[in-house]
Amino acid sequence: MAQALDIDRWNLECEFNNTDHRTDLNGIDRLIVRRGQPFSISLYLRSGSYQPGVNSLDFVAETGPQPSEQYGTRASFGLSASIDTSCWSAAVTSPPGDMVALSICSAPDAPIGRYTLTLGHSARIEFILLFNPWCPGDAVYMDNKENLAEYVLAQDGIIFRGAYKHPIPTPWNFGQFESGILDVCLRILDMNPKYLKNPGKDCSGRRNPIYVSRVLSAMVNCNDDKGVLLGKWTGDYEGGVSPMLWRGSVEILRNWDTQACQPVRYGQCWVFAAVACSVSRALGIPCRLVTNYLSAHDTNSNLVIERYVNENGELIQSKEMIWNYHCWVENWMTRPDLKPEFNGWQAYDPTPQEKSEGVYCCGPTPVRAIKEGELTFKYDAPFVFAEVNADVITFMKKKDGSTSKVSSNALVGQKISTKSVGSDAREDITHLYKYPEGSAEEREAFKKADHQNKLLQQQQNQGLHLNIKVTSDMRKGCDFDVFAVVTNNTQSEKKCRLLFGSCALSYNGFMGGNCGFKDLLNVELSPGGERKVPLRLNYSKYGGQITEDNLIRLAALLLDYTTGDTTLAVRNVVLDNPEIKVRVSSKICDKIQTFGILGEPKENRKLNCCFSIEGANLTGGVIFKLFSCRLGPVGPGEDAKVKIYFTPTHSGLRKLVVDFDSNKLCHVKGYRNVIIGK
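None of the values given here were measured: they were computed from a predicted structure.

A.B. asks: Where do I start with the sheet that holds strand E19 (residues 321-333) in this structure?
C.D. replies: Where strands meet in a sheet, backbone hydrogen bonds hold them as pairs that are either parallel or antiparallel. Reading across from one edge, E23-E20-E19-E16-E26-E27 is the order of the 6 strands in this open sheet, with antiparallel pairing throughout. Looking at which strands have only one partner, the edges of the open sheet turn out to be strand E23 (365-366) and strand E27 (426-428). Note: strand E26 (residues 414-419) against E27, 3 bridges, orientation antiparallel. Residue Thr418 lies in a different strand from E27, and its bridge partner there is Glu427. Lying over the sheet, helix H8 (residues 269-283) contacts strand E16 (287-297), E19 and strand E20 (344-348), oriented at roughly 5° with respect to E19.

A.B. asks: Could you clarify how one ought to interpret unusual backbone geometry in this entry?
C.D. replies: In this structure, the amide linkage connecting Arg265 to the following residue, Tyr266, adopts the cis form with an omega of 10°. Cis rather than trans, the peptide bond between Gly363 and Pro364 has omega equal to 5°. Among the secondary structure elements, Pro364 is positioned in the loop between strand E22 (359-360) and E23. The backbone of Ala260 shows a phi angle near 55°, a positive value even though the residue is not glycine. For Leu294, which is not glycine, the phi torsion reads 55° and is therefore positive. Its place among the elements puts Leu294 in strand E16. Overall, the relative accessible area of 11% leaves Leu294 in the buried class.

A.B. asks: Sorry, what's going on with the pairing of strand E12 (residues 156-163) here?
C.D. replies: Looking along a regular strand, one sees the side chains alternate between the two faces of the sheet. With 7 of 8 residues buried, E12 is to be regarded as a mostly interior element. Where E12 and strand E13 (residues 166-173) come together, 8 bridges link them in antiparallel fashion. Bridge pairing links Asp156 to Asn173 in E13. Remark: 2 residues form the turn of the hairpin made by E12 and E13, two consecutive strands paired antiparallel.

A.B. asks: Sorry, what's going on with the side chain of Asn26 here?
C.D. replies: With respect to the element layout, Asn26 can be found in the loop between helix H1 (14-20) and strand E3 (32-34). By relative accessible area, Asn26 is classed as buried at 15%. The residues touching Asn26, leaving out its near neighbours within four places in the chain, are Ile32, Gln176, Phe177 and Leu182.

A.B. asks: I keep staring at helix H7 (residues 250-258) and nothing clicks. Help me out?
C.D. replies: Along an α-helix, residues three or four apart share an orientation, since each turn contains 3.6 residues. Those residues of H7 that sit buried are Val250, Ile252, Leu253 and Trp256. The elements touched by buried residues of H7 are E13, helix H3 (181-190), strand E14 (229-231), strand E15 (264-267) and H8.

A.B. asks: Sorry, what's going on with the packing of aromatic side chains here?
C.D. replies: By convention here, two paired aromatic rings are described through the distance between centres and the angle between planes. Scanning the model with the defined rule gives 20 aromatic pairs in all. Measuring from centroid to centroid gives 6.3 Å for Trp233 and Phe272, while their planes differ by 20°, and the two rings are stacked. Linking Trp233 in the loop between E14 and H7 with Phe272 in helix H8, this pair joins segments that are 39 residues apart in sequence. Given the relative accessible area of 22%, Trp233 is considered partly exposed. Classification of Phe272 by relative accessible area gives buried; the value is 0%.

A.B. asks: Any chance you could explain the sheet that holds strand E4 (residues 39-45) here in plain terms?
C.D. replies: Read across the sheet, 9 strands follow the order E2-E4-E9-E8-E7-E6-E10-E11-E3 without closing on themselves; strand pairing throughout is mixed. Strands with a single pairing partner mark the edges of an open sheet, and in this sheet they are strand E2 (7-11) and E3. Averaged over all adjacent pairs, the angle separating strand axes in this sheet is 30°, with direction ignored. Inspection of the sheet shows strand E6 (residues 58-63) paired to strand E10 (residues 113-119) by 5 bridges, in the antiparallel sense. Within E10, the position partnered with Ala61 by the bridge is Leu117.

A.B. asks: Help me understand the confidence of the model for the protein chain, please; the structure alone is not making it clear to me.
C.D. replies: Should the pLDDT be low somewhere, the predicted coordinates at that spot are not to be read in detail. Here the protein chain averages 86 in pLDDT, and 83% of its residues register 70 or above. Considering only residues more than four positions removed or in separate chains, one finds that residues 624-630, a stretch of pLDDT under 50, has 35 contacts. Across residues 659-678, where pLDDT falls below 50, the model places 59 contacts with residues more than four positions away in sequence or in other chains.

A.B. asks: How do you make sense of the pattern of salt bridges when you look at a structure like this?
C.D. replies: Under the defined criterion, the tally for this structure stands at 24 salt bridges. For the salt bridge of Asp8 with Arg46, the shortest nitrogen-to-oxygen distance reads 3.7 Å. Of this pair, Asp8 sits in strand E2 while Arg46 sits in the loop between E4 and strand E5 (55-56), and the two are 38 residues apart along the sequence. Here Arg30 makes a salt bridge to Asp183, at a shortest N to O gap of 2.7 Å.

A.B. asks: What exactly am I supposed to notice about the nonpolar core here?
C.D. replies: Proteins that are soluble and globular tend to have nonpolar side chains buried together. Formed by 96 residues in total, the largest nonpolar core has its most connected members in Trp172, Leu229, Ile252, Trp270, Leu283 and Tyr433. Core analysis: the next-biggest nonpolar cluster, separate from the first, contains 30 residues, Phe59, Val100, Leu102 and Ile104 among them.

A.B. asks: What is the right way to look at the UniProt feature "binding site: Ca(2+)" (unreviewed entry) in the protein chain in this model?
C.D. replies: In the numbering used here, UniProt assigns the feature "binding site: Ca(2+)" (unreviewed entry) to Asn389, Asp391, Glu437 and Glu442. These residues run over 54 residues, yet every pair of their C-alpha atoms falls within 13.7 Å of each other. The residue Asp391 is located in strand E24 (residues 391-397) in this model. Among the residues examined, Asp391 registers a relative accessible area of 6% and is labelled buried. Those residues in contact with Glu442 that sit more than four places away from it in its chain are Tyr435, Pro436 and Glu437.

Basis of the calculations
- Residues numbered from 1 in each chain as written.
- Predicted model: local features only at pLDDT ≥ 70, side-chain atom pairs only at ≥ 80, totals over all residues.
- Heavy atoms only, no water.
- Pairing = 2+ DSSP bridges.
- Helix = DSSP H or I, 4+ residues; strand = E, 2+ residues; numbered from the N terminus.
- Contact = heavy atoms within 4.5 Å.
- Axes fitted to C-alpha atoms, helices over the stretch in contact; angles between N-to-C directions.
- Buried < 20%, exposed > 50% of the residue type's maximum accessible area, 1.4 Å probe, protein only.
- Phe/Tyr/Trp six-rings, centres within 6.5 Å; stacked < 30°, edge-to-face > 60°.
- pLDDT = per-residue confidence, 0-100.
- Salt bridge = Lys/Arg side-chain N within 4 Å of Asp/Glu carboxyl O.
- Core = buried A, V, L, I, M, F, W, Y, C linked by side-chain atoms within 4.5 Å.
- UniProt positions renumbered as here; feature names shortened; annotations may be inferred.

Okay, structure coming up:
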């Protein structure tokens, strides 16, 4: 009969294991490993020595409050001659003696989460198990080293906002390896309603990245649960933080955790998506953030956005609208429930828009399914398909209550963007979601999706053509012109009425006040002729109307007196803030993101600006808002210098030192040196 080992103590070899499993950025004070990959521990015996064939050791690995072999949350196994990476297994790797080196491997489909591992009758260790995109047997396996560095390990990134003709990159600190963030991510899983209702079944589901992604889609918003973020799309952010002011996920996740899981106020789509990206990467799922410009919000699943304008061409607000842009995330995984060609990137959206199975969540759905028009595939493929492919039909609602159709070339799903691998450049991934417009493949996808409006769409009447042109230099604080261009492609003279207006716009399609309007009752056009009509937008008028999005909606409505036909042209423009150039002179600062937060300066005027700093695994998790300094006034072309550097101390810690150019410094909020971790 085999004799049990008399274990006195053990060493989890955290530094070696965490480094080998690429979890060392979480710290090396506890064991954090990835599934399907062996890890090592050392056992020191109280008496006797290990002898192959004489001694035995049994193992029990458990996760969740109700571990069960039926649910796959409990696994029992013994010593083997060698490690089997396809299941839970253990083997001795040291020669006989009073120290036993063990190699232990989890199953590549084991549920992720907190584990206890019992060794015999006397040893009990704890560890955290994560998804393993480096393991070929894991459903999240990704075989490209550069992609893994970007989509799992990178803690900083770029979110594209602005407008489809003017994408604006916004830096973001995902911070998934910052101190305590992994614990927050695991707490998010434990606070989801499915866990609270049936923890055993929920923990079992955590073996599946499809299930985990769907849980995260619901839990990053708080509409149905104790989720992380509360959304708000109006300008009043009292009692919270404007979504525009967040620069990373770390503060949001920590606030949720320390405030007893009360929702953090406030988020909008890019904030929801960025937090979801941080959590996915923290758990080991490759993830990237995606921006869809001119994103349709279809509330009734008919793949059509019906919008109405009044007789001045002003859009009448409705639930169905086109967002200037919308952000979601993609997680990388296999889809064993579908055909192999639908493995890969899966879109899921944590922004609460419409309910799915009674909960505000969306996805994951294969990106390939959206491209092919396969709308029966799980989850929520019709909604995502509409976001990038919906048809837009415009009607004019007249004062007498009647309506008439308006000719309009509305675009949906343009310049679908994500950060490039290894650089901050924009990668256009529209081709992954859509076939080229007008192609036979596009028509086939529309047939599968039963997208009859697109299939039956007739060529627009090209008799009168209307479009809107703008200048390349539209800066907030300046006056500038925009133009409605009318072209007569007929062989006869035309007399028309042109209404050309503008209003403030939020990125999700809600409109604000008037920024400028012109009504020309008699626009005469000779055959083949063109008329360029300017509209002056003055800062004195639009400055008090626009939101933090810096967006203005331009709409031109053309009425042909001869035929009674009406044509609408719409264009959203984003105003640039004055450029601030930040030069980083120290090599240690290349992990630090810098941000300028501006007021509303006019051209050639001096301005005040704020400087703040946030970084990953460099600043000890501290966001240096206490170093927000008010510099100014700074004239055009002038420099205001802020030096931030680290100096060693006798205790082995590093001291952050901030120096300011005294000629430019007006006020420093909380100026002091701070001791931070090594």
